[in-house]
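# Descriptive analysis of the structure
The lines below spell out each chain.
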Amino acid sequence: MYRIINKQILASDIKRIDVEAPLIVNKVLPGQFVIVIPEEKGSWIPLSVIDADKRKNTITLIFKESGEATFHLGMMPIGDTIFSILGPLGNPATIEKYGVVVCAASGVAIASILPVCRALKEAGNKVLGVIGAKTKREIFLEAQMRLACNQLFLATEDASYARKGKVSKVVEELLGKEQVDMVYAIGPVDMMKTISQLTKEENIKTRIQVYSNIHCGMGLCGSCRSKVEKKEVLSCLHGPEFDGHKVDFDYLKVRMNAAAKCRQPKDISVARALQEPGGLVKMISGIFKET
Amino acid sequence: MIQPAPRIQIVKKRSKNFQEVSLGYSKKITMEEARRCPQCSEPACREACPLGIDIPGFIRLLREGDALKALEKIQLDSYFAGVCGRICHAPCEASCILFKESAAVGIKQLERFASDHGRKKLSLFKKPHQAGKKIAVIGSGPSGLTAAAFLLKMGYQVTVFESFIYPGGVLFYGVPEFRLPNSVVNQDIASIKDLGADIRLATQFGKNVTLEELKQQDYRAVLLAMGSGGAYFFNIPGAHFGGVYFAEEILIEVNVYTHALIKRILGKKLGQHIAVLGAGQAALDCARVCVRLGKTVSIVHHGTEDEIGLLPDEREFAKEEGVRFEVLANPLEIMGNNDGFVSGLKCVRMDYADPDGKGDWALIPVPDSEFILDVDTIIIAAGHKVNEAVSLLFPKIKKTKRGLLKVDEKSQATSLPEIFAAGDLVEAHKYAVEAMASGKKAALALDGYLKNKV
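Residues numbered from 1 in each chain as written. Chains lettered and ligands numbered in written order. Predicted model: local features only at pLDDT ≥ 70, side-chain atom pairs only at ≥ 80, totals over all residues. Heavy atoms only, no water.

### Considerations on the overall build of chain A
Selection rule: Secondary structure is summarised from DSSP: a helix means a run of H or I of at least four residues, a strand means a run of E of at least two, and numbering begins at the N terminus for each. In this scheme, a residue with accessible area under 20% of its type's maximum is buried, one over 50% is exposed, and one in between is partly exposed, where area comes from a 1.4 Å probe on protein chains only. Surface accessibility in these figures is a Shrake-Rupley result with a 1.4 Å probe; residues are shielded only by whichever protein chains are displayed. Charge counting treats Lys and Arg as positive and Asp and Glu as negative, with His and both chain ends excluded. Charged groups are reduced to one reference atom each: NZ for lysine, CZ for arginine, CG for aspartic acid, CD for glutamic acid.
On a plain count of helices and strands, chain A comes out with 10 helices and 15 strands. Its C-alpha atoms give chain A principal-axis dimensions of roughly 55 × 45 × 40 Å. For chain A, the residues scored as buried account for 53% of the 291 residues in total. Put simply, chain A shows about 12900 Å² of open surface, and 50% of that area lies on carbon and sulfur atoms. Looking at charge distribution, chain A has the averaged site of its 40 positive side-chain charges lying 1 Å from that of its 32 negative ones.

### Considerations on the packing of aromatic side chains
Defined as follows: Each Phe, Tyr or Trp ring (for Trp, its six-membered ring) is paired with any other whose centre lies within 6.5 Å, and the angle between the two planes then decides the class: stacked below 30 degrees, edge-to-face above 60, tilted in between. Think of it as a cone above the ring: NZ of Lys or CZ of Arg counts as a charge over the ring if it is within 6 Å of the ring centre and within 35 degrees of the ring normal.
A full pass over the atoms with the stated rule returns 10 aromatic pairs over all chains. Relative to Phe164(B), the ring of Trp44(A) lies with its centre 5.5 Å away and its plane at 55°, an arrangement referred to as tilted. Taken as a pair, Trp44(A) in the loop between strand 3 (33-37) and strand 4 (45-53) and Phe164(B) in the loop between strand 4 (157-161) and helix 11 (170-173) lie in two separate chains rather than in one. Of the two residues examined, Trp44(A) and Phe164(B), each falls in the buried class. For the ring pair Phe233(B) and Phe246(B), a centre distance of 5.4 Å and an interplane angle of 50° mean the geometry is tilted. Taken as a pair, Phe233(B) in the loop between strand 6 (219-224) and strand 7 (244-246) and Phe246(B) in strand 7 lie far apart in primary sequence, 13 residues in all. Taking relative accessible area as the criterion, Phe233(B) reaches 13% and is therefore assigned buried. Look at Phe246(B) and you get buried, because its relative accessible area is 1%. Aromatic rings pair up to connect Trp44(A), Phe83(A), Phe164(B), Tyr166(B), Phe172(B) and Tyr173(B) into one cluster. Against the face of Phe178(B) rests Arg292(B), its NZ or CZ located 3.9 Å from the ring centre.

### Thoughts on the sheet that holds strand 3 of chain A
All names here are of chain A. Using the following cut-off: Any two strands between which DSSP finds at least two bridges are classified as paired. Angles shown run from 0 to 180 degrees and are taken between the N-to-C directions of axes, each axis being a line fitted to C-alpha atoms and, for helices, limited to the stretch in contact.
Strand order in the open sheet formed by 6 strands is 1-2-5-4-3-6, and the pairing between neighbours is antiparallel. The open sheet terminates on both sides in strands that have one partner only, identified here as strand 1 (4-11) and strand 6 (84-89). Averaged over all neighbouring strand pairs, the angle between strand axes comes to 30°, with direction disregarded. Examined bridge by bridge, strand 3 and strand 4 share 4 bridges and lie antiparallel to one another. Opposite Phe33, over in strand 4, you have Ser48 as the bridge partner.

### Here's the deal with the nonpolar core
Operational definition: What we call a nonpolar core is a set of buried Ala, Val, Leu, Ile, Met, Phe, Trp, Tyr and Cys residues that are connected through their side-chain atoms within 4.5 Å. Any two residues whose heavy atoms approach within 4.5 Å at even a single point are treated as in contact.
In terms of nonpolar packing, the biggest core is built from 97 residues, with Ile82(A), Leu345(B) and Ile378(B) touching the most fellow members. Those residues in contact with Leu345(B) that sit more than four places away from it in its chain are Ala275(B), Leu277(B), Val300(B), Pro331(B), Glu333(B), Ile334(B), Met335(B), Phe371(B), Ile372(B), Leu373(B), Val375(B) and Ile378(B). In this structure, Ala114(B), Ile199(B), Met436(B) and Ala437(B) belong to the second largest nonpolar core, which totals 66 residues.

### A look at the interface of chain A and chain B
The line we're drawing: Each of two parts loses accessible area, computed with a 1.4 Å probe, when they are put together; buried area is these two losses added. What counts as a salt bridge is simple: a side-chain nitrogen of Lys or Arg found within 4 Å of a carboxyl oxygen of Asp or Glu. Counted as a polar contact is a pair of N or O atoms within 3.5 Å, where, for protein atoms, one must be capable of donating a hydrogen and the other of accepting one, and residues adjacent in sequence contribute only when both atoms are in side chains. Basically, the charged four are Asp, Glu, Lys and Arg, the nonpolar ten are Ala, Val, Leu, Ile, Met, Phe, Trp, Tyr, Cys and Pro, and anything else, Gly included, counts as polar.
Listed per partner, the contact involves 43 residues of chain A and 40 residues of chain B. Summed over both partners, the interface of chain A with chain B comes to about 3600 Å²; 60% of that surface belongs to carbon and sulfur atoms. The largest contributions to the chain A side of the interface with chain B come from Lys41(A), Trp44(A) and Leu220(A), which together make up 18% of the buried area. Our count for the chain A to chain B interface comes out at 2 salt bridges. Salt-bridge contacts for Lys27(A) lead to Glu213(B); the nearest nitrogen and oxygen are separated by 2.5 Å. Our count for the contact surface shared by chain A and chain B stands at 12 residue pairs in polar contact (both at pLDDT 80 or more). For the side of chain A that touches chain B, the elements supplying multiple residues, two or more each, are helix 1 (22-25), strand 6, strand 14 (231-234), helix 7 (235-238) and helix 8 (249-262) of chain A. Here the side of chain A that touches chain B takes 7 residues from helix 8 of chain A, the largest share from any one element. Among the residues forming the side of chain A that touches chain B, the class breakdown is 21 nonpolar, 13 polar and 9 charged.

If you want it as structure tokens, here you go:
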């Protein structure tokens, strides 16, 4: 039922797969996510749905190989079957006609902003996209973003591609130049916090998406709790989209930090070395150099 | 005369593996114990059983060791013989007439024997003729599946929608392997599937399947049995720190992962010194899971020791395995370090006192007795909230003050037409058996409703 029918390596560690999922494809809306369980009795991975092709019955998922589970998913070849996919989960993004919208994302979150950009443009907004990453190698989906946005701004932190700087800096400049009606931001906590503070001063609507350690996806385990308006909410049940001006970012930062540390051990160096030519030799010689 | 104790795994072995602790009666002890039943003409045990199982009936069959016929007798009233033989709180034993004289008959263990040994020989049921109206049951927990089984028996076509990947609800995800193996749950569910139940996994009601679609597909009634909601956010400062988990997260992980993955993921997630806040069965289960992963665990509870857990023998097992009980200590605050992780738990001693001198003794904090427990992980097991998903699905549905669904006492119908409810949505049940009884009641009520309707 959940067969991988296409696979693509987008950037370093970032892969894209198209999976057959007839139950999900007709129901999923932009901003919703699914939980992928690659093998029976294996770990659960929450991933946002990038695209749904109703003719081919497939959904598109993009993920970064950051741990054991995502690495395993990345190793699955075309034609292999995923054990199960739960979803669509979470609430869809609020899509209305606002006017001029800035969509900002950095790092892996570029994948999550793409469906939102598409939907906002379809609703008749002028979409200004801002994407960024640490280096050029980590920028992906640039062509798709150019199609989905009216204008796209790029930034890398080490100036290896486009302009140097952080996404929040670019957004700040855009807010000064244009009459922006709404800002949509997905990314690390610091970036969402800076952008929310900027827009709060100018009283611009801000929506952010919070993916803080989602585990069961149905509102049972309380692992994805965050604080909105002094009330504890769950990303999977009440979110993942929240009003940026109401989210308690200090609380969120502690939760995200906790999630990052609890992730599974990163003991995948050997498997990764085997993938590239001459990688194993490089790794072994590296060990000898250290000793 | 005392009730014979079931065989158990020895402490040294069982505190290192996730296999079942209690191993049940042998055939010889079963037959001896079954002969102890006086076969009352008006059995109090049958009245006490929420499901109304014919207890003297199946015990009479076990006198000769006939597990198969005994199981068939039990299955007239309950399809969860294997589950109930393990985790039931056994109100039947408390009401047995031998309870006061010497010791109650070990009904729970006898039921378990019938299930374990009769199941292998159980031939396929004669599938009931299915031509009746179509009914959708939402949720495959104890109440949903029990309702489905009884509706199937009456000839209805039943489809069960389950949002997770395995059926069983709390029986699968909420009870760890060493108390109730998942293979036993699957066996019991297999006998319901044999009746003709169509269980659709990974299909969420409201998202994958909507009410309008069900109506288009000619479903006549919908029975909501989604159980209770998520973890209750214990009102304690510092609950957002890293290293604070809710019991549900730990129990789900223990049940869905392989043993190697449990050791890798949970072993890394949980620190070495763990405090479990709460006194329910979930708290006890979590503590015993942590012991099996080689951690030091203490259960922190403001009351006395005999309030912890639901079944006294489980508490004894936990004690033997090395779970510490930090009783008469009320948690005040979770302390965190600069990285945002747990560094300790501030508690205060409690004691019974009579401050007014009027004779009403109560638990109050002892002055100046605050102390800090040196722990690096906290597991909160403070119970469940009411289900929020229902009000998101049906904003107009009527609710009681506590947030539970308002249903008609007799017909189990909610305020919306053709929608019925059972289980924890209607009443906060403490025991799984009560939820099963609620499912059975709903099935009978649905039958009455659909018979009168053309």
